[in-house]
Amino acid sequence: MVSNTPPSSELTERSSITGLIEGFDRYSGSIDQVSTQDGLIQLILSEFADLIRNCISIADLEFDKIKDRPVGQNKEIPESYLLHYRLPEHLKSISLLHRDVLLQLIISRCKQFESQLNPDIANKHFLKSKEVLSAAIGSFVQLAIEEQKLLSQTGRPNYRKSLNQIKHQQNPWEVYRKQFHTILDQMEEIDRSGVTVNQLVDSFQSLRTYISSLNKQVIDNLVDSKWLIEQGIDRLKNIEEIKDVNQQITWIEKILEDRQSNGDDQKNFVSQVESKTKNLENLDIPISTHDGNLVKRKVELGKVTSKWLEYVLLPLLIDLWESKESLESYLDHNLINLKSGLMLANNNQSLDSIKSQIKFLQNVATNVEENIEKQREATKRIEELANESLIATRIYQEEDFLEVSLQSSFAQYTTVKNTLLVRLKKKLNNLFIDLGSKYEEANLFNSQKKLETSIECIGYRMFKESNTSYDSLFRNKIFIGDLFLVVREEEEGMLTQSLKLWEAGFNQSALLVGNHLSGKTTFIEYIAKKHFGRQVIKLEVASTFSVEGRKFQTNYNLGEALKFIKNNLYQSKPLIIIDDIEIWRSEEHSLLDNVRAVIKYIESESDNAYVMVSISKPMQDHLDNRLSLSNSFSTVIYLNKSTSEEILEAVLLRHGASHKNLITPDQQTLSPKQIERKVKELCRFLNHNMGKVLQAWTYSSTVVDDQNVLFEEKDYTFRDFFTNEEIIVLKYVALYKHINEIDLKNFLGSKNEAYLSGLKRLVNTKVLLRGEDGELRLNTVIYHDVIDILKYRGILT
């Protein structure tokens, strides 16, 4: 579009401010007249950009006039005051707005080009953009007119007052000039990025077309195979004399010769991927704005695209190719059998077997048809994945571009054949390095902010010295006596029923499942005291227990301890408690061996002793996959959830024991109804987990004096800032309760060094705390948050 803005020389012939106002007024009219998205983009890049350049020229001329004057005289010039002090900040805001609108218009145009945006929505966005720009320009023009009128009244007090406000300020124009040039450069960069993304759209369309052609080739080959079977059936039906058999044998031999497969599907795919991605340029494009900064994304496009194709798509294609090869082998095998049958018929000079051969081929045809349908579904899934993922404009979204998950990487590593293993092994060496995109410094604010927010959250939740006595009422693991006990009626009913069957002579045992602070230990202590009295054997690592007067010192060998119990149990029928079975592990005695020993004991001795084992939910899931642990127990009780009434009672018991009033920030005492409402809100928010609610209650409670506790809910959220290395470490701790550097080295082997920095950061941020025994454990105040993050990432079920 041709610019309607006059050159700077014309503007400066009259009042520079008047010329500037007229230029923006004409530009406002141009905005109203533009009718297309492309027209508005060109209007911003040409007419508005020229306006800003002219404004810079006008301000520069004025700056040159006054720069050599003594300090104090420059502020007496109205033109300088407006051009250098009053208007630039507003003009900068207008420029930033145009830059941001331009970016969104370019994004909208790219999405339309890729058919990812409805034209009606794009048109509404265009009209809204016009409206916003027009309103902003109108406001700026009105402001400039009012400022000009104010300074035209040189004899008025307002004039002197305005100039006195900047009397001791240095002229800021040189700073503003740099900022305006930066914005103009960013607008040109945004325009160029649109061309780049459109080129990427074409490249991705080519890749999707190639993938579609691969799928079509597989289906066409299968359809050809089916056609061969059908043709063979027709040929058999046309055999009327023995002499016709030789013709069919010759036909089969030719078919088998022509059907030689080169088996190079995978090799060809890798070669094609390399050729189609090697020319993809590295991207460095603006994707959004944040706090006035232009956020840019760097993507090593060829590398990222190739990695996604090989790690995510290739395993699916390999399955497809292997199914195709299996079907073709199946078909070749049946053609060879058919040939052998025909040769036998020819030798015997008999056509009696032809009918059975036809029936056999008909069954083969049916099997081929069923296989083709399955492969059609597989190809459909592959194309859907390609069409959803190979979208160039997803570069503008916040998540990683063509992200490759850890699971996909390992799945691909175990699926590919030897022709690709060497290359992929090299890739896996960098598996935990950035798998996707990198952001410019402006965008690092988000990840850094997550870390800062999380550290603030931990600091806010950690024990406060003034709160120690009050918090301990809610966080103690085992409570003495029955003061803090809340009976869990449903869970106790299940266990009571199991005990009745045990007392009647049936083999019975119980597995208590619950995460940290869910009340497993308290529940066990309550049941032990109520139903067994002194007939309790509690197995703990590195402790002593006695069986009918005989003592035994434990180590990490549960099998040995249980064998001692079995050999020395004659008169009593005790309860055997194994609380937190996850901690029973060492270099000599693995957790799996200890769990197997418990299962073996339950299978043979659970009519003589009642075994009660507690375990976390993640470890239960893990061991169920390995040993089917839960099925070995007659009763499985889940303690992660409680009723609202039980949780409310627990909160009231603990708060009541403090003998303090609960007050609001405005010093009002909370009524019982208000307390109940807040507890039930926490229950709903925290999925009725008693441990979470009791813990969350302490976060909002602060002891202010001997009489009062302030209850003030604050929004301190723990966010997921973890790297892939840290996630693996956290998974280990979540499963096994604790970790140390030796455990980490044994667990990771040669990859240990890559994880040490992640372990150190977890310690430095107090996500992991080191106990007196030197072991690192999850910080209690964020335990549930970490578990939820691991579940969300798909690391835990």
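Residues numbered from 1 in each chain as written. Predicted model: local features only at pLDDT ≥ 70, side-chain atom pairs only at ≥ 80, totals over all residues. Heavy atoms only, no water.

Colleague: What should I look at first to understand the sheet that holds strand β13 (residues 708-711) in this one?
Modeller: Hydrogen bonds between backbone atoms are what pair the strands of a sheet, whose relative direction is either parallel or antiparallel. Strand order in this open sheet of 3 strands is β11-β13-β12, and the pairing throughout is mixed. One side of each edge strand has no neighbouring strand; the edge strands of this open sheet are β11 (661-663) and β12 (701-703). This sheet shows a mean twist of 30 degrees between the axes of neighbouring strands, independent of strand direction. Pairing of β12 with β13 involves 3 bridges; the strand directions are antiparallel. From the neighbouring strand, T702 faces β13, where its bridge partner is L710. (Pairing = 2+ DSSP bridges. Helix = DSSP H or I, 4+ residues; strand = E, 2+ residues; numbered from the N terminus. Axes fitted to C-alpha atoms, helices over the stretch in contact; angles between N-to-C directions.)

Colleague: Would you mind going over unusual backbone geometry with me for this structure?
Modeller: The phi torsion of most residues other than glycine is negative, and most of the peptide bonds are trans. The phi angle at A542 is positive, at roughly 55 degrees, despite the residue not being glycine. Mapped onto the secondary structure, A542 falls in the loop between β5 (536-538) and β6 (544-547). A positive phi angle, close to 50 degrees, is found at E548, a residue other than glycine. Its location among the elements puts E548 in the loop between β6 and β7 (550-553). Looking at E548, the relative accessible area reads 32%, which means it is partly exposed. (Buried < 20%, exposed > 50% of the residue type's maximum accessible area, 1.4 Å probe, protein only.)

Colleague: Please clarify how the pairing of strand β1 (residues 283-290) should be interpreted in this entry.
Modeller: Looking along a regular strand, one sees the side chains alternate between the two faces of the sheet. Here β1 pairs with strand β2 (residues 293-299) via 7 bridges, running antiparallel. Paired with P286 across the strands is K296, a residue of β2. Two successive antiparallel strands, β1 and β2, enclose a turn made up of 2 residues, where D291 displays a positive phi of approximately 50 degrees.

Colleague: In this structure, what is going on with the packing of helix α21 (residues 644-658) against helix α23 (residues 690-699)? I would like to understand it.
Modeller: Describing two packed helices takes the angle between their axes plus the distance from one axis to the other. Running from N to C, α21 and α23 point in directions that differ by 35 degrees, and their axes come no closer than 10 Å. The chirality of how α21 crosses α23 is right-handed. Contact with α21, carried on its side by E646, I647, A650, V651 and R654, involves M690, V693, L694 and W697 of α23 and no other residues of that element. Broken down by class, the residue content of the contact of α21 with α23 amounts to 7 nonpolar, no polar and 2 charged. (Left-handed = near helix turned anticlockwise from the far one by under 90°. Contact = heavy atoms within 4.5 Å. Nonpolar A, V, L, I, M, F, W, Y, C, P; charged D, E, K, R; others polar.)

Colleague: I tried to follow the environment of S572 on my own but got confused; where do I start?
Modeller: Relative to the elements of secondary structure, S572 occurs in the loop between α18 (558-568) and β8 (575-578). We classify S572 as partly exposed; its relative accessible area is 23%. Taking the C-alpha atoms as reference points, S572 and V536, 36 residues apart in sequence, are found 10.0 Å from one another. Not counting the four nearest positions on each side in its chain, S572 is found in contact with Q535, E548 and N608.

Colleague: Is there a simple way to explain the sheet that holds β5 in this structure?
Modeller: Across the sheet, 5 strands lie side by side as β5-β8-β9-β4-β10; this open sheet has parallel pairing. What marks the edges here is a single partner per strand, and that holds for β5 and β10 (635-638). Ignoring strand direction, the axes of neighbouring strands in this sheet form an average angle of 20 degrees. The pairing of β5 with β8 spans 3 bridges and is parallel.

Colleague: Help me understand the packing of helix α3 (residues 37-66) against helix α7 (residues 173-237), please; the structure alone is not making it clear to me.
Modeller: Relative orientation of the contacting elements α3 and α7 amounts to 165 degrees, with a least axis distance of 11 Å. Classified by the interaxial angle, the pair formed by α3 and α7 is roughly antiparallel. At the point where α3 passes α7, the crossing takes the left-handed sense. Across the interface between the two elements, I44, L45, F48, A49, I52, R53, C55, I56, A59, D60 and F63 of α3 pack against W173, E174, R177, F180, H181, L184, M187, E188 and D191 of α7. Its residues assigned to classes, the contact of α3 with α7 shows 13 nonpolar, 1 polar and 6 charged. (Parallel < 35°, antiparallel > 145°, perpendicular 65-115°, else oblique.)

Colleague: Teacher, can you tell me more about the pattern of salt bridges here?
Modeller: Side chains bearing opposite charge may pair, as long as their charged atoms lie close to each other. Enumeration over the complete set of coordinates arrives at 22 salt bridges. In this structure, E605 engages K566 in a salt bridge whose closest nitrogen and oxygen atoms are separated by 3.8 Å. Of this pair, E605 sits in helix α19 (residues 591-605) while K566 sits in helix α18, placing them 39 residues apart in sequence. Taking the relative accessible area as the measure of exposure, E605 reaches 13% and is therefore buried. Residues E726 and R761 are paired through a salt bridge, measuring 2.6 Å at the closest nitrogen-oxygen approach. You can see E726 sitting in helix α24 (residues 724-736) and its partner R761 sitting in helix α26 (residues 752-764), a full 35 residues away along the chain. The exposure class assigned to E726 is buried, which follows from its relative accessible area of 2%. Take R761: its relative accessible area is 27%, and that puts it in the partly exposed class. Linked through salt bridges whose partners overlap, the residues forming this network are D50, R53 and E188. (Salt bridge = Lys/Arg side-chain N within 4 Å of Asp/Glu carboxyl O.)

Colleague: So what exactly am I meant to see when it comes to helix α17 (residues 520-531) here?
Modeller: Owing to its 3.6 residues per turn, the α-helix aligns residues three or four sequence positions apart on the same side. Between its first and last C-alpha, α17 extends 16 Å over 12 residues, near the 16 Å set by a 1.5 Å rise per residue. Residues of α17 that are buried: K520, T521, F523, I524, Y526, I527 and A528. Tucked into the core, α17 has its buried residues touching α16 (489-503), β4 (509-513), β5, β8 and β9 (610-615). One or two positions beyond α17, positive phi appears at G533, with a value near 60 degrees. (Expected span 1.5 Å × (residues − 1).)

Colleague: In this structure, what is going on with the environment of T453? I would like to understand it.
Modeller: Topologically, T453 is positioned in helix α14 (residues 444-461). Take T453: its relative accessible area is 16%, and that puts it in the buried class. Along the sequence, T453 and T717 sit 264 residues apart, while their C-alpha atoms lie 7.0 Å from each other. Apart from the residues within four sequence positions on either side, T453 is in contact with T717 and R719.

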